[in-house]
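# Notes for the structure review
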Amino acid sequence: MVLDMAVSGFEDRVALTTPTHEVDYPRLAALAAEAAVRFREAKATAAVYVGTNHLAYPVCLFGAAAAGIPLVPLNYRLGAQQLSPLVSAHPGAFVVHEAELDVPEGDAGYVERSAFIDGLGDPAFGGFDAPEDADGIAVLLYTSGTSAAPKAAILRHRHLLAYLFGTVEFGGAGEDEAALVTVPPYHVAGLANLLSNIYAGRRIVYLDAFTPEAWLDAVRRERATQAMVVPTMLARIVEHLGDATDAGTPTLRSLSYGGSRMPLPVLERALELFPEAGFVNAYGLTETSSTIALLGPDDHRSAFASDDPAVRARLSSAGRPLPGVEIEIREEDGTVLPPGSPGLVFLRGEQVSGEYEGASLLDPEGWFPTRDRGWLDADGYLFIEGRADDTIIRGGENIAPAEIEDVLLSHPEVSDAVVVGLPDEEWGQRLVAVVVRAPDGAVDAEELTRWIRERLRSSKTPEEIRFRSELPRTDTGKLLRRRVLEDLTP
Amino acid sequence: MEIRAGAKLRSAVCSTEIVVVRPPNASVQLSCGGAPMLAAGDGGPGGAPAPGKDGGTLLGKRYTDEQTGLEVLCSKAGPGSLECDDRPLEIKGAKPLPASD
């Protein structure tokens, strides 16, 4: 439906520009309809897409929707060994994959993505019209699984449509607008991004592989007006620009980020380098059809310019909930907490799925437990402290690692940092920081201990600080705390 | 006819098609071009909008009925105009939201 609307609404606009293809909306819709026929003929029960961003991704997404089967985008960085159980979890899978990847075969089909696209485009193709069931499953999306094994979240058409209707004005983009997309297809932001831009009528530009140089080149060459990045990408862009006074991307009007915590020094530097861009911090989860709260451009600029600590602090907040989304902060026992008190974040709204294969996590009133910890300020701005499972309990005190990590990251000679709790006989858990020094950094544990003690209570000063050359992160920048703990535990 | 969220309806007399975004809080008669709307897929339109019911619908616009909270999205435009129990539906104003993705 979304694509059909785009076809009639913006018939002559370019939908997608990639290093290998450029298509308008009618062409994209024709390819998707033909893909739907392929899926049907193969009696596929799921379309599995394994690869980077490419024309084949939206073709598979809309083709699967028309064929009435879910799309399952998988992480292309996984090896055959990890992909194999994921593919076999979907009997009747039609697998479309990137050429260089080692991907297990599906039962219903197995085709390299460029060959798949080249095989479509039959001039005699008469079209394909299938009714969409709003309650049907649109996408099965594996969560990033930073604290446990990845689970497939179920996103139904009604969840994704509720997200679109709640956040995007149909045809709201001007004809000159283009969005540079570098979030991967297996991430909910990559999915939401694609749908939002198509619904808004905004040209999508895919980049082959992310490097700061390629990203900046693409913004300039394609005259991109919007871009979405994950924090690690912005950190690399800022680092690449070095002492520059301006990023030199005058067309860029909106720069949004999300997916994991943004280090404050990176954000502050970026606000200087992209003075014309509106910054948007989007907070959301796979299970909530992407963004549920956002910190908008005006919030960013007024916080950046403010001397009021409470307003300034909003730079590190997730902003306010979208219309149609409610937030509650609750105690472990379910008591709803007032503003200012940290607790567990609960969400409710039509875009919130909270459903996995076999089980829904929604309570009877429709609230979804995110397992994130956070708090609301007096004006309703949401501050996320991190995953509840990451909270360290030291001597009975609940400590959010993020607060200590932010202080470590504000040290000029620190490029990355994580704080975890290791078992301790006396305190229950003791704090251990693992730090990556900046390229020319020589800072030692003693100085960092002093740095933290000057800024935080002594109970939040790590007992131990270790140094590593890098930290384990997912492609979207999420820290794999599990792996850090494994590395520290002999 | 039950008007539930996500339901797709089409005009009996023009090309207009809509999706229910928010159902009404009471049983209502939804019409387009002066004729009751039908479930999508029930054959094609015939006839023409009645005089005075031909203001037309716009693709991608949302229409609301204040009295019952009904909200629909126009997924295909047409010459007929939308009414709920003979009250014309109002175009919902665009709310400015920054693009988050």
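Note: the structure precedes this text.
Notes on the structure follow.

Parameters at a glance
Residues numbered from 1 in each chain as written. Chains lettered and ligands numbered in written order. Predicted model: local features only at pLDDT ≥ 70, side-chain atom pairs only at ≥ 80, totals over all residues. Heavy atoms only, no water. Helix = DSSP H or I, 4+ residues; strand = E, 2+ residues; numbered from the N terminus. Rg over C-alpha atoms; globule rule 2.2 N^0.38 Å. Buried < 20%, exposed > 50% of the residue type's maximum accessible area, 1.4 Å probe, protein only. Contact = heavy atoms within 4.5 Å. Pairing = 2+ DSSP bridges. Axes fitted to C-alpha atoms, helices over the stretch in contact; angles between N-to-C directions. Patch = residues over 30% accessible without salt bridge, like charges linked within 9 Å, V, L, I, M, F, W, Y side chains within 5 Å. Areas by Shrake-Rupley, 256 points an atom, 1.4 Å probe, with all protein chains shown as cover. Salt bridge = Lys/Arg side-chain N within 4 Å of Asp/Glu carboxyl O. Lys, Arg positive; Asp, Glu negative; His and termini not counted. Charge placed at Lys NZ, Arg CZ, Asp CG, Glu CD.

## Things to note about the overall build of chain B
- Summing up its helical and strand segments, chain B has zero helices and 10 strands in all.
- In chain B, the order of α-helices and β-strands from amino to carboxyl end is β-β-β-β-β-β-β-β-β-β.
- In summary, chain B has a C-alpha radius of gyration of 13 Å against a globular reference of 13 Å for 101 residues, a match within 12%.
- C-alpha atoms of chain B, sized along the principal axes, occupy 45 × 25 × 25 Å.
- Within chain B, buried positions represent 45% of all 101 residues.
- A separation of at least 24 residues holds for 61% of the contacts in chain B among residues at least 6 apart in sequence.

## So, the pairing of strand β7 (residues 137-142) of chain A
Residue and element names in this part refer to chain A.
- With five of six residues buried, β7 is to be regarded as a mostly interior element.
- Across five bridges, β7 lies against strand β8 (residues 152-156) in antiparallel orientation. For leucine 140, the partnering residue across the bridge sits in β8 and is isoleucine 154.

## Description of the environment of glycine 106 of chain A
- Its place among the elements puts glycine 106 of chain A in the loop between β5 (93-97) and β6 (109-112).
- Beyond its immediate stretch of four places on either side in the chain, glycine 106 of chain A contacts Val87, Ala93 and Val95 of chain A.

## Observations concerning the sheet that holds strand β1 (residues 14-17) of chain A
Residues and elements named next belong to chain A.
- Reading across the sheet, the nine strands line up as β2-β1-β10-β9-β11-β12-β13-β14-β15 and stay open at both edges, with mixed pairing between neighbours. Edge strands, defined here as strands with exactly one partner in the open sheet, are β2 (22-24) and β15 (320-321).
- With two bridges joining them, strand β14 (residues 290-295) and β15 adopt antiparallel strand pairing. Paired with leucine 294 across the strands is arginine 320, a residue of β15.
- The sheet contacts of helix α7 (residues 188-200) involve β9 (178-181), β10 (203-206), β11 (226-229), β13 (278-285) and β14, and relative to β10 the element is tilted by about 145°.

## With respect to the sheet that holds strand β2 (residues 17-22) of chain B
Residue and element names in this part refer to chain B.
- Across the sheet, six strands lie side by side as β5-β1-β2-β7-β6-β10; this open sheet has antiparallel pairing. Taken across any chain shown, the strands that pair with only one partner, and hence form the sheet edges, are β5 (38-39) and β10 (90-91).
- Of the strand pairs in this sheet, strand β6 (residues 62-65) and β10 are connected by two bridges, and their pairing is antiparallel. Within β10, the residue paired with tyrosine 63 across the bridge is isoleucine 91.

## Some points on a negative patch on the surface
Residue and element names in this part refer to chain A.
- Residues Glu11, Asp12, Asp24 and Glu175 make up a contiguous surface patch of negative charge.
- Structurally, the position occupied by glutamate 11 is in the loop between α1 (2-9) and β1.
- The exposure class of glutamate 11 is exposed, given its relative accessible area of 54%.

## What to know about unusual backbone geometry
All names here are of chain A.
- A positive phi angle, close to 55°, is found at lysine 43, a residue other than glycine.
- Checked against the element boundaries, lysine 43 lands in the loop between α2 (25-41) and β3 (46-50).
- With a phi angle near 50°, arginine 223 is a residue other than glycine that sits in the positive phi range.
- Here arginine 223 falls in the exposed class, since its relative accessible area comes to 55%.

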